[in-house]
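The lines below spell out each chain.
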Amino acid sequence: MTKHVALVGGSGKLGSIIAEVIEGLDGFEVARVLTSSSDLSELDGADLVIDASTPQVSVDVVRAAIERGVNVLVGTSGWSAERIALMRPLVEAAGTGAVFVPNFSLGSVLGSALAGAAAPFFSSVEIVEAHRDTKIDSPSGTAVRTAELIAEARADAGGPVEAPHADQRARGQQVASVPVHSLRRPGVIARQDVILSGPGESLTISHDTVEPARAYAPGIRVAVPFAAQAQGIVVGLENMIDIGIRARS
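The model shown is predicted, which means the values in this text are computed figures rather than measured ones. (Residues numbered from 1 in each chain as written. Predicted model: local features only at pLDDT ≥ 70, side-chain atom pairs only at ≥ 80, totals over all residues. Heavy atoms only, no water.)

Participant: Can you break down the overall build of the protein residue by residue, with the values?
Facilitator: A count of helices and strands for the protein gives six helices and eleven strands. Taken over C-alpha atoms, the radius of gyration comes to 18 Å for the protein, in line with the 18 Å a tight globule of 249 residues would show. Projected onto its principal axes, the C-alpha coordinates of the protein cover approximately 60 × 40 × 35 Å. In the protein, buried positions account for 51% of the 249 residues. Counting only contacts in the protein whose residues sit at least 6 apart along the sequence, the fraction spanning at least 24 positions is 71%. (Helix = DSSP H or I, 4+ residues; strand = E, 2+ residues; numbered from the N terminus. Rg over C-alpha atoms; globule rule 2.2 N^0.38 Å. Buried < 20%, exposed > 50% of the residue type's maximum accessible area, 1.4 Å probe, protein only. Contact = heavy atoms within 4.5 Å.)

Here it is in structure tokens:
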């Protein structure tokens, strides 16, 4: 039986890629495409809601899906651990699934996981992320997720990272104790550098997105069927596939 997908933000860059991938997925079809300003009553009758809208609209989309008892896959930026936690009781009460994917790129997921695995060994960690100047939010969802993974990895291995002079605005925004520096400039698609420093050495983990459609498609093909069957809240593509990397507990 074909599952009908309601795709919110389907005319945007990510939404267009998701729509194209779903066209090639057995058992799924995009039944309706909504914009960020569409009436959310258009979600009625969907078997799965996919949100690729904007950070301002995303929370309403997720709530609307949960209220209808429909699973939702969220690819929109701006979902921190604290914000996701607010959805948890709603999802549990409804008995549905909400899957949050900060980045559909397998390389990005690997980079974030590597940063988490390395974090216990370095007392200083900073993130520099760059996106095109049209990206409306900062820091990126990927940077937020990476910082949260770093903080989780360091919780039992030295505590928060060292971030001297964090009160100065030029030192970036602290996310889970990790300074994040966001660049927004033309000519960039997406890049993230995680710089880990310790006595006498540093380690930089870098990831570049060069062709978004080719980079995101494999992750989308994994996430869509996973989200359709998910129960509860799941965060990150790394929880849908075994990437073979674990942070030290």
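And the narrative resumes.
Participant: Can you lay out the nonpolar core for me, pointing to particular residues and giving the numbers?
Facilitator: Side chains of a nonpolar character, in soluble globular proteins, are inclined to be buried together. With 32 residues, the main nonpolar core has Ile-50, Leu-73 and Val-224 as its most contacted residues. The element best represented in this core is helix α6 (residues 212-229), accounting for seven residues. Residues within four places of Ile-50 in sequence aside, it is in contact with Val-5, Ala-6, Leu-7, Val-8, Ile-18, Ile-22, Leu-73 and Val-224. (Core = buried A, V, L, I, M, F, W, Y, C linked by side-chain atoms within 4.5 Å.)

Participant: Explain the layout of surface pockets residue by residue, including any values.
Facilitator: Put simply, the largest pocket is a space of about 830 Å³. What lines the largest pocket is a set of 30 residues, among which Lys-13, Leu-14, Ser-77, Lys-135 and Asp-137 lie closest to the centre. Broken down by secondary-structure element, the contributors of at least two residues to the lining of the largest pocket are α1 (13-23), α5 (141-154) and α6. With four residues, α1 is the single largest residue contributor to the lining of the largest pocket. Tallied by class, the residues present in the lining of the largest pocket amount to twelve nonpolar, 14 polar and four charged. (1 Å grid on protein atoms, 1.4 Å probe; cavity = no way out; pocket = protein on both sides within 12 Å on 5 of 7 lines; lining within 4 Å. Points joined across faces, edges and corners; volume = space filled by probe spheres on them. Nonpolar A, V, L, I, M, F, W, Y, C, P; charged D, E, K, R; others polar.)

Participant: Summarise the packing of helix α4 (residues 106-118) against α5; cite the residues concerned and give the values.
Facilitator: Between α4 and α5, the shortest axis-to-axis distance is 8 Å and the interhelical angle comes to 30 degrees. In terms of orientation, α4 and α5 fall into the roughly parallel class. For the pair α4 and α5, the crossing hand works out as right-handed. Across the interface between the two elements, Ser-108, Ser-112, Ala-115 and Gly-116 from α4 touch Thr-142, Thr-146, Leu-149, Ile-150 and Ala-153 from α5. A class-by-class count of the residues in the contact of α4 with α5 yields four nonpolar, five polar and no charged. (Axes fitted to C-alpha atoms, helices over the stretch in contact; angles between N-to-C directions. Parallel < 35°, antiparallel > 145°, perpendicular 65-115°, else oblique. Left-handed = near helix turned anticlockwise from the far one by under 90°.)

Participant: How would you explain the sheet that holds strand β7 (residues 173-175) if you had to name every residue and give the values?
Facilitator: With mixed pairing, the five strands of this open sheet are ordered in space as β7-β8-β6-β9-β10. Edge positions in the sheet fall to β7 and β10 (201-209), since each of these pairs with one other strand and no more. Between one strand and the next, the sheet's axes are offset by a mean angle of 25 degrees, whatever the strand orientation. Pairing between strand β6 (residues 124-131) and strand β8 (residues 178-184): five bridges, direction parallel. Note on β8: the bridge partner recorded for Val-128 is His-181. (Pairing = 2+ DSSP bridges.)

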